[in-house]
Amino acid sequence: MSKQQNTAGEDQWLDAVEAASNLNRSQFLIWLGQKLAPASPLYNMVFETRLQGPLDAAAFAGAWDIVVANNEALRAIIEERGGVPRWVCPPQASTSLVRIAFDHEHDPAAAYEAWLAADKTKPFDLARGLTRSILIRLGPEEHVWFLNQHHLVTDAWSCTLIRRRLAGAYARLTGAATGAGEDTGTPGDSEACREEERAWRGSEQAAELRAYWSERTQATPPRLAFFGHTAHGRDNATRRLQQRLSPRRVAAVTEAAGQPPFRGITPAQSLANLLYTAMFAWLARATGESRLVIGMPVHNRASRRQRSTVGLFMEIFPVEVTVDMDARLSDLGGRVAAAMLETLARARAGISDSAMQRSFEVVINFLPMTMPGFPGLEHSTRWVHADAGDVGHRLRLPVHDLDGTGGLTLEFEFARQLFPPALRSLAVEQFNAIVEALLAMSDVPLSALSLPAGEQPLARTVAPPARPRAGTAAPEATEDSGADGQAGGESAPPEGPVETRLAALWRELLAIEDPGRHDSFFDLGGASLTAVQLIAEIEEAFGIDFPLERLFDAPTIAGLASRIEADLLREIEALSDDEAAALLRKLG
């Protein structure tokens, strides 16, 4: 079975599971990603709003209850029934505002930061709630509203809607505004929008777009090596470097973006064209690759109801450009602007799939939105990083001006394993140098553009963990290497009937010849969807319940076999002699 056939099989399986679930395509992919890393906060979306002034805490709590009652996504949980995830909204809100006080502490600000560092990384129990809303008191007129949501039920636009509705309800309850025309949300909108998407997915237009994207993403680009570094394993830890641009600086960048070749339909699109051009140029210089893909989040809110519904979220679509290192930056800018328009013209909700998500390792999330304030209070907003991200994303760049200051904040989120501190700083310096060249409309070819070089050798590779020799135990996972074994090199063949059966499953699902007993399922090409297929095959082959988390903990044939054998032994001990003999004959 070829890799293309394997991917097609994954998508067919995904369609079948989606038919049994009421999650949409993107929600299912996020759910699956969380199942593969149950203890990771990779999908925690955390916003901190600092509030200065005489806040009415009771009115704030009442306003939150109003918003929760009218926006079902804030009450949502994910239940699993027979291995199929389902979105459920209990009628009674289970996400009341929690209130915490640190003003009695010797240093309230330090106490809050210590609490924040711990709470932002707490994983969600999907069956118990996907939203945490907390009002924190630091002083008589100093508060923090902490909102932490799982990405399954929110995106940045949803957070803006929540903030707007909370501010409006608070204004009404405190008498700062009347309730006339107040938008607090409409119960049932989230479910209705998901049903609309599911119905549209069966349309002729949806089929044409799926065919288009299937052809576009059939050949996955090679894995990028940044400065010669390549990553191994499934370490999803990330580190963020933040850069703030002043309003004056943003005005200069916006003016340059308004000129050809970057000029788009709107100023925001023009600015995005310039930033994507800078990133494509940097990727070409940092990796040496010419065929490059960047993920572009698209909000997918085509109707008024969709734009006003909390709980929908963006899908990421690939923008592909072939970079000519001998061409001028202005020529690259024209190619990027055209490629972005082409992607936008064919980006629709429900079209993204696993092949599309594997086609890029870098994402730019340009967010032209503003968080509204609360009457009588000064506010400032921070998007708090949970120090984790998708394993396949080596670099993410959210760009925003959440408080509407006229400036911009660029949040460079680097994969920790791939970018040590020195390379993070160097990457940002080089990106800035390319932006400067774009502003000056330099005619220098990209290959000749002068960029900061740093002080350390750049051509090295992050070494994979040492492979176990035949007859030795697999190496223990470390913080930087992840829990995986490592593919490549010599590996001992499978031993015993359970390992042999597992090896046969791996050959079928991964389209490989001879997997070794210490080879990592993920390093051999296993993806999230293939992982779930493997678990289903294991449960059918051995007649046991086998949680998906076990594959993440022990992704080798030897590791899985030891757990399966332990489960089988417990089952056999509970069987009669005849039943035990029948089971052993079935297993070979």
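In the block above lies the structure referred to throughout.
Reading the values: the criteria
Residues numbered from 1 in each chain as written. Predicted model: local features only at pLDDT ≥ 70, side-chain atom pairs only at ≥ 80, totals over all residues. Heavy atoms only, no water. Helix = DSSP H or I, 4+ residues; strand = E, 2+ residues; numbered from the N terminus. Buried < 20%, exposed > 50% of the residue type's maximum accessible area, 1.4 Å probe, protein only. Contact = heavy atoms within 4.5 Å. Areas by Shrake-Rupley, 256 points an atom, 1.4 Å probe, with all protein chains shown as cover. Patch = residues over 30% accessible without salt bridge, like charges linked within 9 Å, V, L, I, M, F, W, Y side chains within 5 Å. Salt bridge = Lys/Arg side-chain N within 4 Å of Asp/Glu carboxyl O. Phe/Tyr/Trp six-rings, centres within 6.5 Å; stacked < 30°, edge-to-face > 60°. Lys NZ or Arg CZ within 6 Å of the ring centre and 35° of its normal. Axes fitted to C-alpha atoms, helices over the stretch in contact; angles between N-to-C directions. Parallel < 35°, antiparallel > 145°, perpendicular 65-115°, else oblique. Nonpolar A, V, L, I, M, F, W, Y, C, P; charged D, E, K, R; others polar. Pairing = 2+ DSSP bridges. Core = buried A, V, L, I, M, F, W, Y, C linked by side-chain atoms within 4.5 Å. Expected span 1.5 Å × (residues − 1). Polar contact = N/O pair within 3.5 Å; in protein donor to acceptor, adjacent residues only side chain to side chain. Left-handed = near helix turned anticlockwise from the far one by under 90°.

A.B. asks: For this particular structure, what's the right way to read the overall build of the chain?
C.D. replies: Helix and strand counts for the chain stand at 18 helices and 13 strands. With 588 residues in all, the chain has 53% of them scored as buried. Taking the contacts inside the chain whose residues are at least 6 apart along the sequence as the reference set, 74% of them involve residues at least 24 apart. When the accessible surface of the chain is summed, it comes to about 24700 Å², and 51% of that surface belongs to carbon and sulfur atoms.

A.B. asks: Before we go on, may I ask you to explain a nonpolar patch on the surface in this structure?
C.D. replies: Together, I265, L341 and L344 give the surface a local cluster of nonpolar side chains, amounting to about 300 Å² of exposed area. Residue placement: L344 occurs in helix α11 (residues 329-345). The class of L344 is partly exposed, set by a relative accessible area of 36%.

A.B. asks: Just to check I follow, could you spell out the packing of aromatic side chains for this structure?
C.D. replies: Given two aromatic rings, their pairing is described by the distance between the two centres and the angle made by the two planes. According to the stated counting rule, one finds 19 aromatic pairs in the structure shown. Their ring planes at 80° and their centres at 6.0 Å tell us that Y170 and F374 sit as a pair that is edge-to-face. Of this pair, Y170 sits in helix α5 (residues 156-173) while F374 sits in the loop between β10 (362-367) and β11 (378-384), placing them 204 residues apart in sequence. Here the aromatic rings of F226 and F419 are separated by 5.1 Å at their centres, their planes lie at 55°, and the arrangement is tilted. Of the two residues, F226 sits in the loop between α7 (204-216) and β7 (238-245) while F419 sits in the loop between β13 (408-415) and α13 (421-439), which places them 193 residues apart along the sequence. Judged by its relative accessible area of 1%, F226 falls in the buried class. Among the aromatic residues, those joined into a ring-pair cluster are F226, F227, W282, F412, F414, F419 and F431. Across from the ring centre of F124, 4.3 Å away, lies the NZ or CZ of R132, which sits over that ring.

A.B. asks: Looking at this model, I keep getting lost on the packing of helix α8 (residues 247-257) against helix α9 (residues 267-287). Mind explaining?
C.D. replies: When two helices pack together, you describe them by how their axes are tilted relative to each other and by the distance separating the axes. Contact pair α8 / α9: the axes reach a minimum separation of 8 Å and the direction vectors enclose 90°. The angle between α8 and α9 falls in the class roughly perpendicular. On the side of α8, the interface is formed by V253, T254, A256 and A257, while α9 contributes S270, L271 and L274. Here the contact of α8 with α9 is built from residues that sort into five nonpolar, two polar and no charged.

A.B. asks: Is there a simple way to think about the pairing of β10 in this case?
C.D. replies: For β10, a buried count of six out of six residues is recorded, marking the element as mostly surrounded by other parts of the structure. Side chains V362, I364 and F366 project from β10 onto one buried face, and the interleaved V363, N365 and L367 project onto a second face that is buried too. Relative to strand β12 (residues 395-400), β10 runs parallel, the two sharing six bridges. Residue pairing across strands places F366 opposite V399, the latter belonging to β12.

A.B. asks: Please explain the pattern of salt bridges as it appears in this structure.
C.D. replies: Opposite charge on two side chains lets them pair, provided their charged atoms get close. A full pass over the atoms with the stated rule returns 21 salt bridges. One salt bridge connects E79 with R81, and the closest N-O pair in it is separated by 3.0 Å. For E79, a relative accessible area of 28% translates into the label partly exposed. A residue is classified by how much of its surface remains accessible, and R81, at 46% relative accessible area, is partly exposed. Notably, a salt bridge pairs E361 with R394, separated by 3.1 Å at the nearest N-O pair. Of this pair, E361 sits in the loop between α12 (354-357) and β10 while R394 sits in the loop between β11 and β12, placing them 33 residues apart in sequence.

A.B. asks: Sorry, what's going on with the nonpolar core here?
C.D. replies: Within soluble globular proteins, side chains that are nonpolar tend to cluster in buried spots. The biggest cluster of nonpolar side chains holds 72 residues, and the ones touching the most others in it are F60 and L502. Those elements that provide at least two residues to this core are α2 (25-36), α3 (57-70), β6 (142-150), α5, α14 (496-510), α15 (528-542), α16 (549-553) and α17 (557-573). Examining the composition of this core, we find that eight residues originate from one element, α3, more than from any other. Excluding residues within four positions of it along the chain, F60 makes contact with L51, L55, L97, L135, W145, L166, Y170 and F374. Residues L209, M279, V399 and L408 belong to the second largest nonpolar core, which totals 68 residues.

A.B. asks: Help me understand α3, please; the structure alone is not making it clear to me.
C.D. replies: The α-helix advances 3.6 residues per turn, and as a result positions three or four apart in sequence lie on the same side. Taking 1.5 Å as the rise per residue, α3 with 14 residues should run 20 Å; its terminal C-alpha atoms sit 20 Å apart, in good agreement. Along α3, the residues that are buried comprise A57, A59, F60, A61, A63, W64, V67, V68 and N70. Buried residues along α3 sit against β1 (44-52), β4 (98-101), β5 (131-139), β6 and α5. N-cap assignment for α3: the residue whose side-chain oxygen lies 3.2 Å from the backbone N of A58 is D56.

A.B. asks: I'm lost on the side chain of H400 in this one. Help?
C.D. replies: For H400, the position within the fold is in strand β12. According to the relative accessible area criterion, H400 is buried, its value standing at 5%. For H400, the side chain forms a polar contact with the side chain of E411, separated by 3.1 Å. Setting aside its immediate chain neighbours within four residues, H400 contacts L367, W383, L408, T409 and E411.

A.B. asks: Looking at this model, I keep getting lost on the sheet that holds β11. Mind explaining?
C.D. replies: Backbone hydrogen bonds hold the strands of a sheet together, and the pairing may be parallel or antiparallel. With respect to topology, five strands assemble into an open sheet ordered β4-β5-β6-β1-β11, the strand pairing being mixed. On the outer flanks of this sheet lie β4 and β11, each paired with one strand and no other. Adjacent strand axes in the sheet meet at a mean angle of 20°, parallel and antiparallel pairs treated alike. In this structure, β4 lies alongside β5, joined through four bridges in parallel fashion. Within β5, the residue paired with A101 across the bridge is R137. Those strands touched by helix α4 (residues 108-119) are β1, β4, β5, β6 and β11, and its axis lies near 165° from that of β5.

A.B. asks: I tried to follow the packing of α3 against α5 on my own but got confused; where do I start?
C.D. replies: The interhelical angle for the contact between α3 and α5, taken along N-to-C directions, is 130°, at an axis separation of 8 Å. In this view, α3 runs oblique relative to α5, as classed from their interaxial angle. α5 is crossed by α3, and the crossing has right-handed handedness. Residue-level contacts link A59, F60, G62, A63, W64, I66 and V67 of α3 to I162, R165, L166, A169, Y170, R172 and L173 of α5. Residue classes in the contact of α3 with α5 are distributed as 11 nonpolar, one polar and two charged.

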